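Residue-level structural notes
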Amino acid sequence: RIVSSFYYEPLTVLVNLNHKRSPCVYDRQVTMLVRGEPFLHAKSTIYLTDPAWEEMVERRGTPLGAVFRVMGVLPTFHLRSVG
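Presented here is an overview of the structure given in this document. (Residues numbered from 1 in each chain as written. Predicted model: local features only at pLDDT ≥ 70, side-chain atom pairs only at ≥ 80, totals over all residues. Heavy atoms only, no water.)

1. Focus on unusual backbone geometry
With glycine set apart, most residues show a phi of negative sign, and most peptide bonds adopt trans. At Cys24, a position not held by glycine, the phi torsion is positive, near 70 degrees. Along the polypeptide, Cys24 turns up in the loop between β1 (11-22) and β2 (25-34). In this structure, Arg35 takes a positive phi of about 55 degrees despite not being glycine. Relative to the helices and strands, Arg35 resides in the loop between β2 and β3 (37-47). What makes Arg35 exposed here is its relative accessible area of 56%. (Helix = DSSP H or I, 4+ residues; strand = E, 2+ residues; numbered from the N terminus. Buried < 20%, exposed > 50% of the residue type's maximum accessible area, 1.4 Å probe, protein only.)

Written as structure tokens, this is what we have:
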């Protein structure tokens, strides 16, 4: 939402990898596009620490990338590298 607002353009997210490593732990890789051009490649490990969130993904089929929006919160993260 922030990047889309900055460019005043729609943002496209391509999910390159979405792998469940273990219960409540997912590895993801995404590419974000603005105006059809890639501007970001991101690798992340997502830890779902609330059983209700795991239920949303596992039983209700909520896409992992949408869980934060559905729950009305922003994720916390640690930036490991840029380059």
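2. Focus: the side chain of Thr62
When you line up the elements, Thr62 lands in the loop between α2 (51-58) and α3 (67-71). Ignoring sequence-local partners within four residues, the contact set of Thr62 consists of Met56, Val57, Val67 and Val70. (Contact = heavy atoms within 4.5 Å.)

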